[in-house]
2 protein chains.
Amino acid sequence: MPHAFVLELVSPEGRNPLHPGLYAHGLFFALLKKLDPNLASKVHAAQRKPFTLAAFNHKHSLHLRFTTLNDELFAPLLKTLLHESVGGLRLGDQSLVLQRVLATPQGHRLAGQQTWAQLCNQPALRQMHLRFLSPTVFTTSKADKRTRHTPLPDPLLVIKSLLRSWQIHSPWAYSELNAAALQSVFELDLELVGFSELSCQKTFAGKAQYSGFVGDARFHLHSDSIEVQQALGRLSAYAFYSGVGAKTTYGLGCCHTPP
Amino acid sequence: MPHAFVLELVSPEGRNPLHPGLYAHGLFFALLKKLDPNLASKVHAAQRKPFTLAAFNHKHSLHLRFTTLNDELFAPLLKTLLHESVGGLRLGDQSLVLQRVLATPQGHRLAGQQTWAQLCNQPALRQMHLRFLSPTVFTTSKADKRTRHTPLPDPLLVIKSLLRSWQIHSPWAYSELNAAALQSVFELDLELVGFSELSCQKTFAGKAQYSGFVGDARFHLHSDSIEVQQALGRLSAYAFYSGVGAKTTYGLGCCHTPP
């Protein structure tokens, strides 16, 4: 089942790392390798990775959020993390001290867990409200190997990203035909009806710099189909774990439904 | 040749009208009808109207901006305007006093004129920077008569809107084949690389309320084709007169290239 947990890290030097998302990606694989080199290779080779991460700088600490979409990953990862953190966690040129692990919504609004069955049984939705907390961008590649990016909360790009991830990671994936049908209806009937505090931020992820958007976006589903509304309910709840768009394993695309 | 001019209007009651774009649309056609009923019917019936308008509230005045894309419209319209304004210009439930007509960039940053030849001879561009001053939205209708709207500075929607208007109003329209080729290249190679101060605003236009965006957007053209870069130069300059997106005759889609 999908898990989200937050590490509260403190720099003994009193300065947060410059590219925490980038370093956290390295930390994640370093830990996984210690835990199980085969699993690390498998996760590294996966085209759609079964985890996401995001880093948020606070005044006196760095909040590192991990989500896992794969049942075999969460427990061993957390165990290794706690074990390794005794000597400090390496992020870039610093060793950070782990102060707390927050794994419940009571501890941190970005932590929590839901079973796949719980996600499947979400109420049907006509309105989806997502708050994008870390820069979010879509890779909208074109013909002839042109790599293009779209840093906008385009409804179809958002929902396609969620549906694609659901199809890969959920044990309750839709049949190929149903997924195609859902996507067609979303293309016709999901509309961006408003946004607020939308801003564009540049950030490093992997080898390149990306422009992404943060802020709130509200979508309305015009379709009267209860199946499509149920899918929107599932995907809207799933977004908390899967993130949205490109480079979610480097700190991009972290979002939630605001209270 | 395309013209843009700004009327500075003052309310004798010290309050600006609530829906100036809506009322200005009515004022425009009332003036045109007085001037030439046949021309008014012709303009009203045109699917792509040869004018735009936008209204901006200032502390002590209302700035009403008109652009004309059609040579036969500008001079007679302005003449009628000046003639009729003696008794006050009717906007909604008020009669506003015309203080000044600003028709040059020196008088107002949103006023000016360029010949079609000048627009054609704009320098080739790789970067287009547009500031959307009034709410901008695209009608992105779908199958089965679904009317959908997109309130985002999507590069393809922006450039398609400009190219479509150019093809209708410019005496130097591209051949059908060239226009299709341009659009294909823009679809592949025009990318939104950043935006700032983007916000979503609701506004009345015609019979309905629309959500539109205002703010700055910067686009980059990846294509090395000089023809495509020239087209971007033309369309970027033309945007000042044509506006972008839906309901430009009701106050939406007013934009310019900031200095």
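Provided above is the structure to which this section pertains.
Residues numbered from 1 in each chain as written. Chains lettered and ligands numbered in written order. Predicted model: local features only at pLDDT ≥ 70, side-chain atom pairs only at ≥ 80, totals over all residues. Heavy atoms only, no water.

Trainee: Give me the lowdown on the sheet that holds strand β7 (residues 127-136) of chain A, citing residues and values where you can.
Mentor: Residues and elements named next belong to chain A. Taken together, the 4 strands give an open sheet; going across it, the order is β10-β11-β7-β12, and neighbouring strands pair in antiparallel fashion. Bordering the open sheet on either side are β10 (190-205) and β12 (255-256), each of which pairs with just one other strand. Bridging between β7 and strand β11 (residues 208-221) involves 7 bridges; their strand directions are antiparallel. Paired with His129 across the bridge in β11 is Arg218. Strands in contact with helix α7 (residues 226-242) are β7, β10, β11 and β12; relative to β7, the strand with the most contacts, it is inclined by about 30°. (Pairing = 2+ DSSP bridges. Helix = DSSP H or I, 4+ residues; strand = E, 2+ residues; numbered from the N terminus. Contact = heavy atoms within 4.5 Å. Axes fitted to C-alpha atoms, helices over the stretch in contact; angles between N-to-C directions.)

Trainee: Describe in detail the relation of the copies chain B and chain A, supporting the description with residues and values.
Mentor: Laying chain B over chain A is done by rotating through 180° and shifting 0.0 Å along the axis; what remains is an RMSD of 0.0 Å. What we have between these two chains is a two-fold relation. Of every C-alpha in chain B, the one belonging to B:Leu198 sits nearest the axis of rotation, 3.1 Å from it. Most of the interface of chain B is mirrored in chain A, where 100% of its interface residues are also at the interface. (Least-squares fit on C-alpha atoms with pLDDT ≥ 70 in both.)

Trainee: Describe in detail the pattern of salt bridges, supporting the description with residues and values.
Mentor: Taken as a whole and assessed by the stated rule, the structure comprises 18 salt bridges over all chains. One salt bridge in this structure joins A:Arg15 and A:Glu13, with 2.9 Å as the shortest N-O distance. Notably, a salt bridge pairs B:Glu84 with B:Lys34, separated by 3.0 Å at the nearest N-O pair. Placement of B:Glu84 in helix α3 (residues 71-84) and of B:Lys34 in helix α1 (residues 20-35) is noted, with a sequence separation of 50 residues between them. The class for B:Glu84 is partly exposed, based on a relative accessible area of 22%. A relative accessible area of 58% means that B:Lys34 is categorised as exposed. Through salt bridges with shared partners, a single network forms among A:Glu13, A:Arg15 and A:Asp93. (Salt bridge = Lys/Arg side-chain N within 4 Å of Asp/Glu carboxyl O. Buried < 20%, exposed > 50% of the residue type's maximum accessible area, 1.4 Å probe, protein only.)

Trainee: Go over the side chain of B:Ser61, please, and point to the residues and values.
Mentor: Residue and element names in this part refer to chain B. Locating Ser61 in the fold gives a position in the loop between β2 (51-57) and β3 (62-68). Residue classification places Ser61 among the buried residues on the basis of a relative accessible area of 9%. Reaching out from Ser61, the side chain makes a polar contact with the side chain of His63 at a distance of 3.5 Å. If we skip the residues at most four places from it in the chain, Ser61 touches Glu8, Leu9, Val10, Asn16 and Phe56. (Polar contact = N/O pair within 3.5 Å; in protein donor to acceptor, adjacent residues only side chain to side chain.)

Trainee: Any chance you could break down the interface of chain B and chain A for me, citing the residues and the numbers?
Mentor: At the junction of the two partners, chain B supplies 24 residues and chain A supplies 24 residues. Buried area between chain B and chain A, summed over both chains or domains, comes out near 2,100 Å², and the portion from carbon and sulfur atoms is 57%. Considering only the surface of chain B that becomes buried against chain A, B:Leu152, B:Leu188 and B:Phe195 emerge as the three largest contributors, covering 29% of it. Between chain B and chain A we count 4 salt bridges in total. In this structure, A:Asp189 engages B:Arg148 in a salt bridge whose closest nitrogen and oxygen atoms are separated by 2.5 Å. The interface formed by chain B and chain A includes 10 residue pairs in polar contact (both at pLDDT 80 or more). Where the side of chain B that touches chain A is concerned, the elements lending two or more residues are α6 (176-189), β10 (190-205) and β11 (208-221) of chain B. For the side of chain B that touches chain A, the leading source of residues is β10(B), giving 8 residues. Of the residues contributing to the side of chain B that touches chain A, the split by class is 11 nonpolar, 6 polar and 7 charged. (Buried area = accessible area lost by both parts, 1.4 Å probe. Nonpolar A, V, L, I, M, F, W, Y, C, P; charged D, E, K, R; others polar.)

Trainee: An account of the packing of helix α5 (residues 155-169) of chain A against α7(A) is requested, with residue identities and associated values reported.
Mentor: For any two helices packed against each other, one specifies the inter-axial angle together with the distance between the axes. All names here are of chain A. As a packed pair, α5 and α7 sit with axes 10 Å apart at the nearest point and diverge in direction by 80°. The pairing of α5 with α7 is recorded here as roughly perpendicular in orientation. Along its contact with α5, which presents Ile159, Leu162, Leu163, Ser165, Trp166 and His169, the element α7 presents Leu232, Arg234, Leu235, Tyr238, Ala239 and Ser242. Here the residues of the contact of α5 with α7 sort into 8 nonpolar, 3 polar and 1 charged. (Parallel < 35°, antiparallel > 145°, perpendicular 65-115°, else oblique.)

Trainee: Summarise the packing of aromatic side chains; cite the residues concerned and give the values.
Mentor: One pair of aromatic rings is described through two measures. These are the centre distance and the angle between the planes. Enumeration over the complete set of coordinates arrives at 24 aromatic pairs over all chains. Relative to B:Phe74, the ring of B:Phe5 has its centre 5.6 Å away and its plane inclined at 65°; by these criteria the two rings are edge-to-face. With B:Phe5 in strand β1 (residues 3-10) and B:Phe74 in helix α3, this residue pair connects regions lying 69 residues apart in the sequence. Side by side, B:Phe5 and B:Phe74 carry an identical accessibility label, which is buried. Between B:Phe28 and B:Phe51, the ring centres sit 3.6 Å apart and the planes meet at 15°, which makes this aromatic pair stacked. Taken together, the residues B:Phe28 in helix α1 and B:Phe51 in strand β2 connect sequence positions 23 residues apart. A residue is classified by how much of its surface remains accessible, and B:Phe28, at 1% relative accessible area, is buried. With relative accessibility at 1%, the residue B:Phe51 sits in the buried group. Aromatic ring contacts, followed pair by pair, group A:Phe5, A:Phe28, A:Phe29, A:Phe51, A:Phe66 and A:Phe74 into a single cluster. If you follow B:Arg65 out to its NZ or CZ, it ends over the ring of B:Phe240, 4.6 Å from the centre. (Phe/Tyr/Trp six-rings, centres within 6.5 Å; stacked < 30°, edge-to-face > 60°. Lys NZ or Arg CZ within 6 Å of the ring centre and 35° of its normal.)

Trainee: How would you explain the pairing of β11(B) if you had to name every residue and give the values?
Mentor: Residue and element names in this part refer to chain B. Burial within β11 is extensive, with 11 of its 14 residues counted as buried. Pairing analysis gives 13 bridges linking β10 to β11, with the strands arranged antiparallel. Among the inter-strand pairings, Ser199 is bridged to a residue of β11, identified as Val214. Connecting β10 to the next strand, β11, in antiparallel fashion are 2 residues, including Gly206 with a positive phi near 70°.

Trainee: Talk me through the environment of B:His149; I want residue IDs and the actual numbers.
Mentor: Structurally, B:His149 can be placed in strand β9 (residues 149-150). A sequence separation of 54 residues divides B:His149 from B:Ser95, and the C-alpha atoms of the two residues are 34 Å apart. Beyond its immediate sequence surroundings of up to four residues, B:His149 is in contact with A:Glu191, A:Leu192, B:Val137, B:Phe138, B:Thr139, B:Thr140 and B:Tyr210.

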